[in-house]
Amino acid sequence: MTHIWVRAESRENEERVGVLPEGVAALIALGAKVTVEKSATRVINTADYEAAGATIAPEGSWVDAPEDAIIFGLKEIPDDGTALRHRHIMFGHAYKGQPAGQRLLARFKAGGGVLYDLEYLENTDGRRVAAFGYWAGYAGAAVSVLAYAAQQAGIPCPSVKTWPSSKAMRNDVKTALAGASPNAMVIGALGRVGTGASDLCEEVGLTVTKWDMAETAHGGPFPEVLDHTLFFNCILARPGTPVFVPEDACNGPRRLRVIGDIACDPDSDFSPIKVYDQVTSWEAPVTRACDTPPLDVMAIDNLPSLMPRESSEDFAAQLLPHLKTLTEIDQGVWGRAKTYFDTHIQKVTT
């Protein structure tokens, strides 16, 4: 029997979940056992999972789960150095040279566990089968435009908190703009993230230049980026990703005032945005990269959590068909995810 253990998210400002109560009921109907940890912050009530037939466990008790349980969460687990013996489904952020990711892989090697990274859950064409990308793009564009409005008003970018809906978020952005209409460029416009960013911009009345692979194939440089007021990077950092904003961007003329690095891999060796090196937060949504004229970078790495219900519903619907195949975890999308893990775990030396 497949045992799926849905852990509570331990990260601050994380209310999302990867499976809904109706998904739990569907998995149980197929013969799976589902355990769901209690959570005071999850956007879906624990009682709804219990009503769907899940076994309820204390928050954080996954560490003592049976050996055969598949631990399912979204964001990172606590970086406490303990060995990991279970199979884990989550966004590991471990395959692009990130220091925290290397520590995570070392923990899996020490404990003999396996990471099935949701970012690398792909179909045979290499396309991700489930992603929060659209809502990351939408929310990232919204926060970046709010940062621009604050910058123009000469005040610090205000902190952010969850919105009840995309409509409420969009209305707040329109109010902050107060009729201003800076132009924007989206790179990666044909993907989920870029589509979300473009939609938000257009819905609040901005003109958007949409680029994708065809426009960036020559590898750069890309002075057009600096000629836009807002720039949204929606390209995942991978080997060969070109640089869109170079280190010396502050030294020359530019119209660029806010970068929304929605892909948000500042500590990756392959980051295309070279004017900053750390993520931002809900409390401080931007970091100032240049002073005169100002250039702010928004790099929040859990943007879909700003709309936790809509983003959870969307992601859970995409992922559920694949959760139903966990009885064959070493085949199909899960087998391909394990191949990524096997390749990278071999490189771990400590």
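Please read all numbers here as calculations on a predicted model, not as lab measurements.

(A) Local environment of the packing of aromatic side chains. The full count for this structure, using the stated rule, is 14 aromatic pairs. Through a chain of ring-to-ring contacts, the aromatic side chains of W211, F222, F231 and F244 assemble into a single cluster. One residue, R16, lies across the ring of F132, its end atom 4.3 Å from the ring centre.

(B) Just the packing of helix α4 (residues 133-153) against helix α5 (residues 166-177), in detail. Look at α4 against α5: their axes get within 9 Å of each other, and the N-to-C directions meet at 25 degrees. In terms of orientation, α4 and α5 fall into the roughly parallel class. Of the two possible hands of crossing, α4 and α5 adopt the one that is left-handed. Between α4 and α5, the contacting residues are W135, Y138, A139, A142, V145, L146, Y148 and A149 on the first element and S166, M169, R170, D172, V173, A176 and L177 on the second. For the contact of α4 with α5, the class distribution of residues is 12 nonpolar, one polar and two charged.

(C) View of the sheet that holds strand β6 (residues 114-117). Taken together, six strands build an open sheet; the order of strands is β3-β2-β1-β4-β5-β6 and the sheet is parallel. Two strands in the sheet have a free side with no partner beyond their single neighbour: β3 (55-57) and β6. On average, adjacent strands in this sheet sit at an angle of 25 degrees to one another, irrespective of strand direction. Direction of pairing for strand β2 (residues 33-37) relative to β3: parallel, over a ladder of three bridges. Its bridge partner lying in β3, E37 is registered against A57. Running at roughly 120 degrees to β6, helix α10 (residues 332-345) makes contact with β5 (87-90) and β6 of the sheet.

Cut-offs and rules
Residues numbered from 1 in each chain as written. Predicted model: local features only at pLDDT ≥ 70, side-chain atom pairs only at ≥ 80, totals over all residues. Heavy atoms only, no water. Phe/Tyr/Trp six-rings, centres within 6.5 Å; stacked < 30°, edge-to-face > 60°. Lys NZ or Arg CZ within 6 Å of the ring centre and 35° of its normal. Axes fitted to C-alpha atoms, helices over the stretch in contact; angles between N-to-C directions. Helix = DSSP H or I, 4+ residues; strand = E, 2+ residues; numbered from the N terminus. Parallel < 35°, antiparallel > 145°, perpendicular 65-115°, else oblique. Left-handed = near helix turned anticlockwise from the far one by under 90°. Contact = heavy atoms within 4.5 Å. Nonpolar A, V, L, I, M, F, W, Y, C, P; charged D, E, K, R; others polar. Pairing = 2+ DSSP bridges.

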